[in-house]
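# Analysis of the macromolecular model
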Amino acid sequence: MYGIIDCDNCYVSCERVFRPDLEGRPVVVLSNNDGCVVARSSEAKALGIKEGTPYFQLAQQFPNEKIAVFSSNYELYGDLTGRVVSIISQEAPAYFRYSIDECFVYLDGMENVDLQTWGENLYKRIKKWVGMPVSIGLAPNKTLAKTAARLAKKYPAYRHCCIIDTDEKRVAALKWLSVEDVWGIGRRYAARLQALGCATAYDFASHHKDWVRQVFNNINIVRTWQELNGEDCVPNEELAKKKSICTSRSFNGMVSDFETLRTHVANYASRCAEKLRRQDTVATIVGVFVNTNVFREDLAQYWNFQETRLLTPSNSTTIIVRAATDVLRTIFKPGFQYKKAGVVVMGIAPNSPIQQDFFDIDAEQIQKLKRLDAAIDRINKINGSETVVIGSQQYTPKGGKGKAPVFASAMKQEFKSKNPTTRWSDIITLK
């Protein structure tokens, strides 16, 4: 038996944890650079606010509504959802964090447990200890578990936990579920299925397996069909550690000088290294891309991507930042107004064992870098992300000598909430 725990309106729910005055009010969370709406409360959805609505249009379209607006605060969201996963890890025999707001659980050995009661109690514990509402779906495979979670989110009668454990329940759920909402079917395949007369998941599942193979010739679509028909065939290794990691941002404005661009790239490379260490892996390839604003037809356009291979696979911030900076030097061209840059680490492998290159830095230096990264990670975990950064992540402001280096933040975040769970400076004070 599989389960999935899905945080309801995750970003909005995180913002409401420390703002109980927002309950019942329309709340939206904006994308990077405060561009458009990426998360909405139920009240915001009821008003008719669409996902992807540009921020500047909210006041025009809803002039008389008191809409609470927040910039994306991934530090807060990551910490609160991490607390949710911590509770799940205590209650389930095995689990896998699928995304920031979803966690799969494997319920082997719980055949004698009342799963409905288990799910309801898990919901109550998460709501009480973290303040986050969740929806729980349980079923014989992952695809049906995702469907059950949708039902639990949609209908209060399930008491936040829906179980699909009979064929009758499976058929009823598939008849309710639109084909575009099936896990594993993207927009392109959903459009093809609808054109072929498959409006619901049940319509798709009712076709013969040979028809699915002939029409789509795609193993993942065939597996989805099998799971909708009750089989368990999406392999767990497909939910494995990432094979590549990318960190990128669009800048708040334009960047033309190398030094500022280098600082942003160093920040992205540092975050990639942190993610590698978090999943206990190393990378063998570091790539960097830059591009100008394609919407500014009045400006000269440029895009480039190059990569370099590390002599010894690494997750060291120092090594990956240095490699990314070297790549940036080869692709940077003066005279362009850059709008976006990013760092990609690839060739990801387990952290141990590592084959060291004879011509690379010695083993003692590698151990020093590991101790340095561990110390920085520990300080940043206690005091908040980027409390400590390496020198290349900072730049000296224009205007003369003697000015303190500044940490470069590419994102515009005018409505960013505080981080009371991860930063001492933001800790809540009671009156």
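See the structure printed just above.
Residues numbered from 1 in each chain as written. Predicted model: local features only at pLDDT ≥ 70, side-chain atom pairs only at ≥ 80, totals over all residues. Heavy atoms only, no water.

## Focus: the overall build of the protein chain
- Tallying secondary structure elements over the protein chain gives 14 helices and 15 strands in all.
- Here the analysis covers contacts within the protein chain between residues at least 6 apart in sequence; of these, 67% occur between residues at least 24 apart.
- For the protein chain, the exposed area adds up to about 22500 Å²; of that, 51% sits on carbon and sulfur atoms. (Helix = DSSP H or I, 4+ residues; strand = E, 2+ residues; numbered from the N terminus. Contact = heavy atoms within 4.5 Å. Areas by Shrake-Rupley, 256 points an atom, 1.4 Å probe, with all protein chains shown as cover.)

## Description of the sheet that holds strand 8 (residues 161-163)
- Ordered in space as 5-6-1-7-8, the 5 strands form an open sheet in which the pairing is mixed. The open sheet terminates on both sides in strands that have one partner only, identified here as strand 5 (94-99) and strand 8. With strand direction ignored, the average angle separating the axes of adjacent strands in the sheet is 20°.
- Sheet topology note: the strand 1 (residues 2-7)/strand 6 (residues 102-106) ladder contains 5 bridges and is antiparallel. Its bridge partner being in strand 6, I5 is matched across the sheet by C103. (Pairing = 2+ DSSP bridges. Axes fitted to C-alpha atoms, helices over the stretch in contact; angles between N-to-C directions.)

## Structural notes on unusual backbone geometry
- One non-glycine residue, N217, adopts positive backbone phi at about 50°.
- Note on placement: N217 falls in the loop between helix 10 (209-216) and helix 11 (219-228).
- Overall, the relative accessible area of 71% leaves N217 in the exposed class.
- Not every positive phi belongs to a glycine, and D280 is a case in point at roughly 55°.
- With respect to the helices, strands and loops of the structure, D280 is situated in the loop between helix 12 (258-278) and strand 10 (281-292).
- On the basis of relative accessible area, D280 is assigned to the partly exposed category, the value being 44%. (Buried < 20%, exposed > 50% of the residue type's maximum accessible area, 1.4 Å probe, protein only.)

## Looking at helix 13 (residues 317-331)
- With 15 residues, helix 13 ought to run about 21 Å at 1.5 Å a step, and its terminal C-alpha atoms sit 21 Å apart, in line with that.
- Every buried residue of helix 13 is accounted for by T317, I319, I320, V321, A323, A324, T325, V327, L328 and I331.
- With a side-chain oxygen positioned 3.3 Å from the backbone nitrogen of T318, the residue opening helix 13 is S316. (Expected span 1.5 Å × (residues − 1). Polar contact = N/O pair within 3.5 Å; in protein donor to acceptor, adjacent residues only side chain to side chain.)

## Some remarks on empty space enclosed by the protein
- All told, the structure shown has 2 cavities of 30 Å³ or more when counted by the stated rule.
- Its boundaries defined by the atoms lining it, the second largest cavity holds a volume of some 40 Å³.
- For the second largest cavity, the full set of lining residues is I5, C7, T81, V84, V85, I88, I100, D101, E102 and C103.
- Secondary structure elements with two or more residues in the lining of the second largest cavity: strand 1, helix 4 (74-91) and strand 6.
- By residue number, the principal contributor to the lining of the second largest cavity is helix 4, which donates 4 residues.
- Of the residues contributing to the lining of the second largest cavity, the split by class is 7 nonpolar, 1 polar and 2 charged. (1 Å grid on protein atoms, 1.4 Å probe; cavity = no way out; pocket = protein on both sides within 12 Å on 5 of 7 lines; lining within 4 Å. Points joined across faces, edges and corners; volume = space filled by probe spheres on them. Nonpolar A, V, L, I, M, F, W, Y, C, P; charged D, E, K, R; others polar.)

## Description of the packing of aromatic side chains
- Throughout the structure, instances matching the rule amount to 16 aromatic pairs.
- Summarising the aromatic geometry, the rings of Y98 and F104 are spaced 5.5 Å apart at their centres and angled 70° between planes, so their arrangement reads as edge-to-face.
- Its relative accessible area of 33% is what places Y98 among the partly exposed residues.
- Among the residues examined, F104 registers a relative accessible area of 0% and is labelled buried. (Phe/Tyr/Trp six-rings, centres within 6.5 Å; stacked < 30°, edge-to-face > 60°.)

## Things to note about the nonpolar core
- Core analysis: the largest hydrophobic core is formed by 36 residues, its most contacted members being I5, L107, W118, I126, M132, I136 and L138.
- The greatest single-element share of this core, amounting to 7 residues, is contributed by helix 4.
- When sequence neighbours within four positions are dropped, the list of residues in contact with L107 reads M1, A92, P93, L115, W118 and L138.
- Formed by 35 residues, the second largest nonpolar core is a distinct cluster that contains F251, V286, V321 and A324. (Core = buried A, V, L, I, M, F, W, Y, C linked by side-chain atoms within 4.5 Å.)

## With respect to the layout of surface pockets
- The volume enclosed by the second largest pocket comes to roughly 1600 Å³.
- Considering the residues around the second largest pocket, the lining is formed by 44 residues, among which D6, D8, N9, K45 and K153 are closest to the centre.
- Of the residues belonging to the lining of the second largest pocket, the class tally is 20 nonpolar, 7 polar and 17 charged.

## Overview of the pattern of salt bridges
- Taken as a whole and judged by the stated rule, the model has 16 salt bridges.
- R150 is paired through a salt bridge with D181; the nearest N and O atoms lie 3.8 Å apart. With R150 in helix 6 (residues 142-154) and D181 in the loop between helix 7 (167-176) and helix 8 (187-195), this pair connects stretches of sequence that are 31 residues apart.
- R150 gets classed as partly exposed once you look at its relative accessible area, which sits at 38%.
- In this structure D181 comes out as partly exposed when scored by relative accessible area, which is 31%.
- Among the salt bridges present, the one from D326 reaches R329, with a minimum N-O distance of 3.3 Å. Of this pair, D326 and R329 both sit in helix 13, 3 residues apart, which is roughly one turn of that helix.
- The exposure class assigned to D326 is partly exposed, which follows from its relative accessible area of 41%.
- Put simply, D6, D8 and K153 are held in one network by salt bridges that share partners. (Salt bridge = Lys/Arg side-chain N within 4 Å of Asp/Glu carboxyl O.)

## Re the state of the cysteines
- Counted under the stated rule, the structure contains 0 disulfides.
- With no disulfide of its own, C161 lies closest to C162 among cysteine sulfurs, the gap being 7.4 Å.
- Of the residues examined, C161 reaches a relative accessible area of 0% and is grouped as buried. (Disulfide = S-S within 2.5 Å.)

## A word on the environment of L144
- Inspection of the secondary structure assignment puts L144 in helix 6.
- Here L144 falls in the buried class, since its relative accessible area comes to 2%.
- Once the C-alpha coordinates of L144 and T224 are considered, the two residues, 80 residues apart in sequence, prove to be 9.7 Å apart.
- Once you skip the residues sitting within four places of it in the chain, L144 turns out to touch A139, I164, R170, L174, E227, L228 and G230.

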